[in-house]
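Given next are the chains, with one letter for each unit.
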Amino acid sequence: MRPVASKRPTCRCARPETHADGPEAAPRNPLPLAVSLAAAAAPRSLWWRRWWWRWRRRLRRFRQAAAATTIQAGSLTPLASTPSAQTYVYTQAKTDDEAARFLLQAQFSASEAEIAAVRAQGYLPWLGAQMDRTPTETGWAWVAGKPYDTVNSDDMIWSQLMTSADGARKRMALALSEIFVVSANDISSNWTAHMFAQYWDMLVAGVTGNFRQLLENVSLNPAMGYYLNTKGNQKENAQGRQPDENYAREVMQLMSIGLYQLNADGSVRLGADGAPLESYTQDDVTNLARVFTGYDLDIPSAERSAFTPPGQSFTIESNAWTTRPMALTASRHSMLEAKFLGTTVPANTEGKAALKTALDTLFNHPNVGPFIGRQLIQRLVTSNPSTAYVKRVSDVFADNGAGVRGDMKSVFAAVLLDNEARSPAGLADPNFGHLREPMLRLVQWGRTFGASSVAGTWKIGNRSDAASSLGQSPLRSPSVFNFFRPGYVPPSSAMASAKLVAPEFQLVNETSVGGYLNFMQNVVPNGFNSKDVIASYAAEKALVLDPAALVRRLNLLMAANQLDADTLALINNALATPAVTAASSDTLKNNRVYAAVLMVMAAPGYLIQK
């Protein structure tokens, strides 16, 4: 009997030929070995040269044939050639459950049509199509299309999250908003809604852009200028004024490199004494702050006093500045030497050149890939990724398969396509997954059940209050540290004993649990703003006489069929009373649907997303 070789996971992204000894067998290709031998011999004679070039032509043809079979995924196609992607085993959803699970990580909701599309296309091509699709209406355009001061930043963001056809891009942008934090709780302007809309649009664009450009756009954005004090930040003077250090500190600590030096797998580097090595010092903060001086809102004189609010006698500037980055005033920029992170900006360096040096230094720091990658894994997939998972994502940040560092669409794809994200093993692992954020639950409710706003204004409002609402509202973080810390550990808990983190649980307490249930009990039937924002439940109402079928639908679309048998039995038993027949009133029929939705959204198997 012939011994059977051990099998290793192989990339399913490309398979140039089928072999007799099975689909997992490595391709029998003698060409690389032959080429290596030829190279070792070197073409010292005409015969060798001819032999060399003949084998090179054959190798080129072989590689072209292999490339022709590579899965095409638009701008994400190069990802398939990365070492990380070569490890992917789960490239196709074999069941509706698997497709729904993927969709609920990649975007806000899952529909039957989207499940079918994912199964037909495969994960990578589907993601590529989402990344390359035509952008939908921007938040800024939505606000600008409304009469002055009739909508606010809350209306804008809820409209974007609830209605945009490009749900994957918007989900990923929301994840970025929890790293590059600005909060409507703390800042305002004459054009607050426009300002926040433009910041949001910048994050949406960042999903398919490069991290280096995203870092620059954030640094010069007016909303960030208001939030972390770079707007109007001035150089030192003889009276003792010093540049504000707020943004310089947070752009390192929270938005790029973190507090401690990291290995590529996200593990913390330790010094000889066993203590973590800090990634920057206070001197780095003080020096970097000089780079972020001299910037302010870009409002030309012709745009000042250019707009009269309806019904008012005073004038304000036009809203055009909200669409532009902050402008540099050279006389207010520090010309002192700035030394930080091993880089020196020489004295008397012009402001834009100094900014470029600073952002290039941050972008190329080895911490960025694992620091940002791990947080994106936490937001989309699981709170406690393995170091190997972080390393594979970090490697894609370093090179997207086309030699590009910081390609964010490839980084997001690497987060979602990794074996650790797609393997069914995670479903049975008690340490895998994360708590669904409250604002994501509400968006999923709206998108799944056909919520709409009759007036088109999406007056859902600020949902930050934990006692009577969600305890979380998009673009309304209580601080620059987001709604929760990436390393939060619930005290005196099993997670603490296991040395695991649970970031979203920082939002959880007795008040927030009761507040969420009471809030959803009212929202499910009544929506918002005197039922202007209301869900239709069209498909669910069609199943009202078959409660088992109704629950099956909800389990698939809301929880990717992850509710356990005991939970399903409890829900089905509860729905059996009172009995509902074709002759029952609409109120009775609707109440069965509302009860089913509420019980699913309260179930542990739904609240914990795997």
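Residues numbered from 1 in each chain as written. Predicted model: local features only at pLDDT ≥ 70, side-chain atom pairs only at ≥ 80, totals over all residues. Heavy atoms only, no water.

A. Examining unusual backbone geometry more closely. Residue Pro 578 follows Thr 577 across a cis peptide bond; omega there is 0°. The residue Pro 578 is located in the loop between α25 (565–575) and α26 (586–602) in this model. Positive phi values are uncommon outside glycine, yet Asn 529 reaches one of about 55°. Take Asn 529: it is sitting in the loop between α22 (510–526) and β7 (533–534). (Helix = DSSP H or I, 4+ residues; strand = E, 2+ residues; numbered from the N terminus.)

B. Broad picture of a nonpolar patch on the surface. A cluster of nonpolar side chains, Leu 259, Tyr 260, Val 268 and Leu 270, forms an exposed patch at the surface whose accessible area comes to about 340 Å². Along the chain, the position of Leu 270 falls in the loop between α12 (246–253) and α13 (282–291). (Patch = residues over 30% accessible without salt bridge, like charges linked within 9 Å, V, L, I, M, F, W, Y side chains within 5 Å. Areas by Shrake-Rupley, 256 points an atom, 1.4 Å probe, with all protein chains shown as cover. Salt bridge = Lys/Arg side-chain N within 4 Å of Asp/Glu carboxyl O.)

C. Layout of the environment of Val 533. Here Val 533 shows up in strand β7. With residues up to four places along the chain from it excluded, the contact list for Val 533 reads Ser 452, Ser 453, Trp 458, Lys 459, Ile 460, Asn 526, Gly 527 and Phe 528. (Contact = heavy atoms within 4.5 Å.)

D. Spotlight on the pattern of salt bridges. Counting across every chain of the model gives 20 salt bridges. Notably, a salt bridge pairs Glu 216 with Arg 212, separated by 2.9 Å at the nearest N-O pair. Of this pair, Glu 216 and Arg 212 are both found in helix α10 (residues 211–220), four residues apart, which corresponds to roughly one turn of the helix. Residue Glu 216 is classed as partly exposed on the basis of its relative accessible area, which comes to 25%. The class of Arg 212 is buried, set by a relative accessible area of 13%. (Buried < 20%, exposed > 50% of the residue type's maximum accessible area, 1.4 Å probe, protein only.)

E. Inspection of α22 at higher detail. The end-to-end C-alpha distance of α22, which contains 17 residues, comes to 25 Å, matching closely the 24 Å that a straight helix rising 1.5 Å per residue would cover. Listing the buried residues of α22 in full gives Ser 512, Gly 515, Tyr 516, Phe 519, Met 520, Val 523, Val 524 and Pro 525. Residues of α22 that are buried sit in contact with α20 (438–448), β7, α26 and α27 (604–607). Where α22 begins, the side chain of Asn 509 points an oxygen toward the backbone nitrogen of Thr 511, at a separation of 3.0 Å. (Expected span 1.5 Å × (residues − 1). Polar contact = N/O pair within 3.5 Å; in protein donor to acceptor, adjacent residues only side chain to side chain.)

F. Representation of the nonpolar core within the structure. Grouped together as the largest cluster of nonpolar side chains are 161 residues, with contacts concentrated most on Phe 180, Phe 211, Leu 376, Leu 442 and Trp 445. When residues in this core are grouped by element, the largest group, ten residues, is from helix α9 (residues 192–207). Once you skip the residues sitting within four places of it in the chain, Leu 376 turns out to touch Ala 175, Leu 176, Ile 179, Met 408, Val 411, Phe 412 and Val 415. (Core = buried A, V, L, I, M, F, W, Y, C linked by side-chain atoms within 4.5 Å.)

G. A look at the packing of aromatic side chains. On inspection of all chains with the given rule, the structure shows 14 aromatic pairs. Taken together, the aromatic side chains of Phe 180, Phe 211, Phe 363 and Phe 397 make up a single cluster linked through ring pairs. Above the plane of the ring of Tyr 123 lies Arg 422, whose end atom (NZ or CZ) is 5.2 Å from the centre. The ring of Tyr 516 has Arg 441 sitting right over it, with the charged end atom 4.5 Å from the ring centre. (Phe/Tyr/Trp six-rings, centres within 6.5 Å; stacked < 30°, edge-to-face > 60°. Lys NZ or Arg CZ within 6 Å of the ring centre and 35° of its normal.)

Shape descriptors only; they carry no functional weight alone.
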